[in-house]
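Geometric and topological summary
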2 protein chains.
Amino acid sequence: MSIRIGIMGYGNLGRGVECAVKHNPDLELAAVFTRRDPETVKILTETAKVCHVDEAEKMKDEIDVLIICGGSATDLPVQTPKYAQWFNVVDSFDTHARIPEHFENVDKAAKESGHVGIISVGWDPGMFSLNRMYANAILTNGKDYTFWGKGVSQGHSDAIRRIDGVKDGKQYTIPVEAALESVRNGENPELTTRQKHTRECFVVAEEGADLARIEQEIKTMPNYFADYDTTVHFISEEELKRDHSGIPHGGFVIRTGSTGWDNENKHVIEYSLKLDSNPEFTSSVIVAYARAAYRMSQEGQKGCKTVFDVAPAYLSAMDGAELRKHLL
Amino acid sequence: MSIRIGIMGYGNLGRGVECAVKHNPDLELAAVFTRRDPETVKILTETAKVCHVDEAEKMKDEIDVLIICGGSATDLPVQTPKYAQWFNVVDSFDTHARIPEHFENVDKAAKESGHVGIISVGWDPGMFSLNRMYANAILTNGKDYTFWGKGVSQGHSDAIRRIDGVKDGKQYTIPVEAALESVRNGENPELTTRQKHTRECFVVAEEGADLARIEQEIKTMPNYFADYDTTVHFISEEELKRDHSGIPHGGFVIRTGSTGWDNENKHVIEYSLKLDSNPEFTSSVIVAYARAAYRMSQEGQKGCKTVFDVAPAYLSAMDGAELRKHLL
């Protein structure tokens, strides 16, 4: 029997989960829950229902794992603990500073109801965290570096679009190649914000807007751009649509460290991602952890987990013997 | 109280484990076991004992995890199941084809005695396997590539040294840059053995030996060199010692795959290692898994495990809350 998946929220991430479920034959999409009128939401999976969020509780026996696809700012802090009352849940909560608090809330709800909740799943937090953790456990004497990009930052793109006179815009975060090389060479550089990443903006201005003022406002915006070398390109709406409609992302997690009685030998561990679609990759990670949540729950485990707590084998559709034979 | 480690076998790997234990304050080296006369074996750790292998059984209450540092051909198939009778054990068994059989033997012994045995720990098998597995679970529709090097292959170096007229020699396995680039670009190439790696040999010949014959013998040696583009350099004993006495290694695990309803988006996951010392890095991985073996045993788990079965958090000296706060 397939593992029955529910999707809570049908935006980019929800659609990514739907696609990922299609690529995992042991999973099956049971329902998509939306805050909109279900009649107005068209999904791709013909065999799945579209339901209003208020109907979710009633469907607790028809769904094995509910994947919560809301935003980290306001949706997930409420939704993940709430739905852990009735479901095994997985989310991609990515506000790093608030993870401990979110963990406690989900843990409490999931333990009370006897479910498994896996939070902060995706690539950062998620696969990047895992690689940081493995590398730290191996090279105890070393230094961590994380670079992001080249990729679209939704938050920075939004910030551009809020500027007066801007019709649309897209921002790319780009790692500085020289910094990456220095890290890979084991030079252990201390890098400032400016030395690690540059920011490139593609902006569609309103007709007659003051381009110099817009550029200045972007480049001096505190937190978002002021600490970076930022490039601004003004382009047409057609160009933005044609050349910048994708949501690529990626990045690098590198740990350098030394071993030996007197730290005489150096090592570099590097993990990198190059993603055409940030939400679809995130969804693919989430779906593997949904399989894990189901299996852990079947074994009687309960409470909140993160990627650190999930034995890798739970993620794979293969069984232990196949894994050892083919992938070890 | 520290986790008390025993080392079985004091070659390159055993010495690496000794160094790695030094870099992990929650671990402590209790004893090194050797087949040699213990009086003749000098170790670096002043507080640890050197004992004959025959004394190991008697010391079962003084050691929490015994790390078996023998060879995969003849030592580990016997030693790991044997010592699992009395200890939690970790080994680096690396004969991929015989892993299923080794797993069964260790599993039987460890279950009967109530211990945990973690086998095939290191970087390949080990960290490379983990990365293959995670990447396969995420990108279910994709293709795997593993490249090794640049690094010293002990087996190929040994093969060179067995040739008549060769005094000493060292062989480097080198990944072909063009093949790596093609994979990274998502071209999904089908690569022959020759297209993936080249082999570079540094040979010290006996005085008066027929160099052309030696070179020919190397380049045509079946299994080891015949299927590769091989370069042979004749150098002096001093040069070999000066420039080639290290044991570097490393490599790349890459999975490329697609997501989306119609596989319209491509992704590249890459993991790579650049290691000054193959045995010291392997040892550092093993020591983290020794911590895991101890903790899993304390929780009442038993039987044989591989890296696939060990939740990442067990490897770290940090507790769950610290991990979530600092590394997630």
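Residues numbered from 1 in each chain as written. Chains lettered and ligands numbered in written order. Predicted model: local features only at pLDDT ≥ 70, side-chain atom pairs only at ≥ 80, totals over all residues. Heavy atoms only, no water.

Condition: UniProt positions are given in the numbering used here, feature names are shortened, and annotations may be inferred rather than shown by experiment.
Chain A appears in an unreviewed UniProt entry as Meso-diaminopimelate D-dehydrogenase from Blautia caecimuris. Under the heading Subunit (unreviewed entry), UniProt records this for chain A: "Homodimer." According to its UniProt record, chain A has this under Catalytic activity (unreviewed entry): "meso-2,6-diaminopimelate + NADP(+) + H2O = (S)-2-amino-6-oxoheptanedioate + NH4(+) + NADPH + H(+)".

Topic: the overall build of chain A
Heads up, the rule is: Each helix corresponds to a stretch of at least 4 residues labelled H or I by DSSP, and each strand to a stretch of at least 2 residues labelled E; elements are numbered beginning at the N terminus. Radius of gyration means the value over C-alpha atoms here, while the globule rule gives 2.2 Å times the residue count to the 0.38 power. Accessibility here uses a 1.4 Å probe with only protein chains present; expressed as a share of the type maximum, an area under 20% marks a residue as buried, one over 50% as exposed, and anything in between as partly exposed. It only takes one pair of heavy atoms within 4.5 Å for two residues to be counted as in contact. Each accessible area is a Shrake-Rupley result for a 1.4 Å probe, and residues are judged covered by the shown protein chains and nothing else. Positive: Lys, Arg. Negative: Asp, Glu. His and the chain ends are not part of the count. A charge is said to be at NZ when it belongs to Lys, at CZ for Arg, at CG for Asp and at CD for Glu.
The number of helices and strands found in chain A is 11 helices and 14 strands. Expected size for 328 residues packed as a compact globule is a radius of gyration near 20 Å; at 22 Å, chain A falls within 12% of this value. For the C-alpha atoms alone, the extent of chain A along its principal axes is close to 65 × 60 × 35 Å. Taking all 328 residues of chain A together, the buried fraction comes to 58%. Partitioning the intrachain contacts of chain A with sequence separation of at least 6 by distance along the chain shows that 67% fall at a separation of at least 24. Approximately 13700 Å² of chain A is accessible, and the part contributed by carbon and sulfur atoms is 46%. Averaged over its 37 positive side-chain charges, chain A has a centre that lies 3 Å from the centre of its 49 negative ones.

Some thoughts on the sheet that holds strand 6 (residues 116-118) of chain A
The strands making up a sheet associate through backbone hydrogen bonding, with each pair oriented either parallel or antiparallel. Residue and element names in this part refer to chain A. Note the following rule: Two strands are counted as paired when DSSP detects at least two bridges linking them. The convention used is that axes are lines fitted to C-alpha atoms, helices contributing only their stretch in contact, and that angles between N-to-C directions extend from 0 to 180 degrees.
Taken in spatial order, the 7 strands make up an open sheet running 3-2-1-4-5-6-14, and their pairing is parallel. Every interior strand has two partners, whereas the edge strands, strand 3 (49-52) and strand 14 (303-305), have only one. Across the sheet, the axes of successive neighbouring strands diverge by a mean angle of 25 degrees, strand direction being ignored. In terms of strand pairing, strand 6 meets strand 14 through 3 bridges, oriented parallel. Following the sheet pairing, Ile-118 is matched in strand 14 by Lys-305. Along the sheet, helix 2 (residues 75-83) makes contact with strand 1 (3-8), strand 4 (65-68) and strand 5 (88-91), crossing strand 4 at roughly 175 degrees.

Things to note about the sheet that holds strand 5 (residues 88-91) of chain B
Residues and elements named next belong to chain B. Spatially, the 7 strands line up as an open sheet ordered 3-2-1-4-5-6-14, and their pairing is parallel. A single partner strand is all that each edge strand has here, and the edge strands are strand 3 (49-52) and strand 14 (303-305). Taking the axes of each pair of neighbouring strands and ignoring which way they run, one obtains an average angle of 25 degrees across the sheet. Set on the sheet, helix 2 (residues 75-83) makes contact with strand 1 (3-8), strand 4 (65-68) and strand 5; between it and strand 4 the angle comes to about 175 degrees.

Some remarks on the relation of the copies chain B and chain A
Between the two copies of the chain lies a rotation about an axis combined with a shift along it. We count it as follows: When the copies are superposed, the least-squares fit draws on C-alpha atoms of residues that have pLDDT of at least 70 in both.
Structural alignment of chain B on chain A gives an RMSD of 0.0 Å, achieved by rotating through 180 degrees and translating 0.0 Å along the axis. Expressed as a symmetry operation, the mapping of one chain copy onto the other fits a two-fold axis. Closest to the rotation axis within chain B is the C-alpha of B:Ala311, separated from it by 1.9 Å. Interface overlap between copies is the fraction of interface residues in one copy that are interface residues in the other; for chain B against chain A it reaches 100%, indicating a shared surface.

What about the interface of chain B and chain A?
Put simply, the rule reads: Reported buried area values correspond to the accessible surface (1.4 Å probe) lost by two parts on association, with both partners' losses combined. Throughout this description, the term salt bridge denotes a Lys or Arg side-chain nitrogen within 4 Å of a carboxyl oxygen of Asp or Glu. Polar contact is defined as a pair of N or O atoms within 3.5 Å, subject to the rule that within protein one atom must be able to donate a hydrogen and the other to accept it, and that residues adjacent in sequence are counted only when both atoms are side-chain atoms. Side-chain classes follow a simple rule in which Ala, Val, Leu, Ile, Met, Phe, Trp, Tyr, Cys and Pro form the nonpolar group, Asp, Glu, Lys and Arg form the charged group, and the remainder, Gly included, forms the polar group.
The partner chain A presents 66 residues to the 66 residues of chain B that form the contact. Between chain B and chain A, a total of about 6100 Å² is buried, with carbon and sulfur atoms accounting for 63% of that surface. Where chain B meets chain A, there are 0 salt bridges. Across the chain B-chain A interface, the total number found is 31 residue pairs in polar contact (both at pLDDT 80 or more). Counting only elements with at least two residues in the side of chain B that touches chain A, the list comes to helix 1 (12-22), helix 3 (99-113), helix 4 (127-138), strand 13 (265-275), helix 10 (278-298) and helix 11 (320-326) of chain B. If one sorts the elements of the side of chain B that touches chain A by residue count, strand 13 of chain B sits on top with 11 residues. For the side of chain B that touches chain A, a count of residues per class yields 32 nonpolar, 20 polar and 14 charged. When strand 13 (residues 265-275) of chain A meets strand 13 of chain B, the two strands line up antiparallel, connected through 9 bridges. Residue A:Val268 lies in a different strand from strand 13 of chain B, and its bridge partner there is B:Lys274.

As for the UniProt feature "domain: Meso-diaminopimelate D-dehydrogenase C-terminal" (unreviewed entry) in chain A
Look at the UniProt record and you will see "domain: Meso-diaminopimelate D-dehydrogenase C-terminal" (unreviewed entry) annotated at residues 122-277 of chain A. The distance separating the terminal C-alpha atoms of residues 122-277 of chain A is 12 Å; by composition the span is 31% helix and 36% strand.

Comments concerning the state of the cysteines
Residue and element names in this part refer to chain A. Inclusion rule: In this description, the term disulfide denotes a pair of cysteine sulfurs within 2.5 Å.
The tally for this structure, following the rule as stated, stands at 0 disulfides over all chains. Among the cysteines around Cys-19, which has no disulfide bond, Cys-69 carries the closest sulfur, lying 12 Å off. Judged by relative accessible area, Cys-19 falls into the buried class, the value being 6%.

A short note on the pattern of salt bridges
The tally for this structure, following the rule as stated, stands at 40 salt bridges over all chains. Between A:Glu215 and A:Lys219 there is a salt bridge whose closest N-O contact spans 2.9 Å. Taken together, the residues span about one helical turn, with A:Glu215 and A:Lys219 both in helix 8 (residues 211-219) at a distance of 4 residues. A salt bridge links B:Asp107 to B:Lys111; its shortest N-O distance comes to 2.9 Å.

Remarks on the nonpolar core
Rules: Here the nonpolar core consists of buried residues drawn from Ala, Val, Leu, Ile, Met, Phe, Trp, Tyr and Cys, with membership extended through side-chain atoms lying within 4.5 Å.
Membership of the largest hydrophobic core comes to 164 residues, with the highest contact counts inside it found for A:Phe33, A:Tyr83, A:Tyr289, B:Phe33, B:Tyr83 and B:Tyr289. Among all residues touching B:Phe33, those that are not within four sequence positions of it are B:Ile7, B:Met8, B:Gly9, B:Tyr10, B:Cys51, B:His52, B:Val53, B:Glu55, B:Ala56, B:Met59, B:Ile63 and B:Leu66.

Looking at the confidence of the model for chain A
Stated precisely, the cut-off is as follows: Every residue carries a pLDDT, the predictor's confidence in it, which falls somewhere between 0 and 100.
In the predicted model, chain A carries a mean pLDDT of 97, and the fraction of residues at 70 or more is 100%. At the level of chain-chain contacts, confidence expressed as ipTM amounts to 0.97, with global pTM at 0.97.

Description of the pairing of strand 13 of chain B
All names here are of chain B. Within strand 13, 9 of the 11 residues are buried, which leaves the element mostly enclosed by the surrounding structure. Pairing analysis gives 11 bridges linking strand 12 (residues 249-259) to strand 13, with the strands arranged antiparallel. Within strand 13, the position partnered with Gly-250 by the bridge is Lys-274. As consecutive antiparallel partners, strand 12 and strand 13 are separated by 5 residues, and within that stretch Gly-260 has a phi angle of approximately 105 degrees, a positive value.

Here's the deal with the environment of B:Glu270
Residue and element names in this part refer to chain B. Tracing the sequence through the fold places Glu-270 in strand 13. For the pair formed by Glu-270 and Arg-255, sequence separation is 15 residues and the distance between their alpha carbons is 6.6 Å. A distance of 2.8 Å separates a polar atom in the side chain of Glu-270 from a polar atom in the side chain of Arg-184.

Here's the deal with unusual backbone geometry
With an omega of -5 degrees, the peptide bond running from A:Gly149 to A:Lys150 counts as cis. With respect to the element layout, A:Lys150 can be found in the loop between strand 7 (142-148) and strand 8 (151-152). One non-glycine residue, A:Asn223, lies in positive phi territory at about 65 degrees. Overall, A:Asn223 belongs to the exposed group, its relative accessible area being 69%. At B:Ser120, a position not held by glycine, the phi torsion is positive, near 60 degrees. Among the structural elements, B:Ser120 can be located in the loop between strand 6 (116-118) and helix 4.

Quick word on the packing of helix 10 (residues 278-298) of chain A against helix 4 of chain B
The test is simple: Working definition: roughly parallel below 35 degrees, roughly antiparallel above 145 degrees, roughly perpendicular at 65 to 115 degrees, and oblique for all remaining angles.
Relative orientation of the contacting elements helix 10 of chain A and helix 4 of chain B amounts to 105 degrees, with a least axis distance of 8 Å. Taken as axis vectors, helix 10 of chain A and helix 4 of chain B run roughly perpendicular relative to one another. Contact residues: A:Phe281, A:Ser284, A:Val285, A:Ala288 and A:Tyr289 in helix 10 of chain A; B:Tyr134, B:Ala137 and B:Ile138 in helix 4 of chain B. Of the residues in the contact of helix 10 of chain A with helix 4 of chain B, the class split is 7 nonpolar, 1 polar and no charged.

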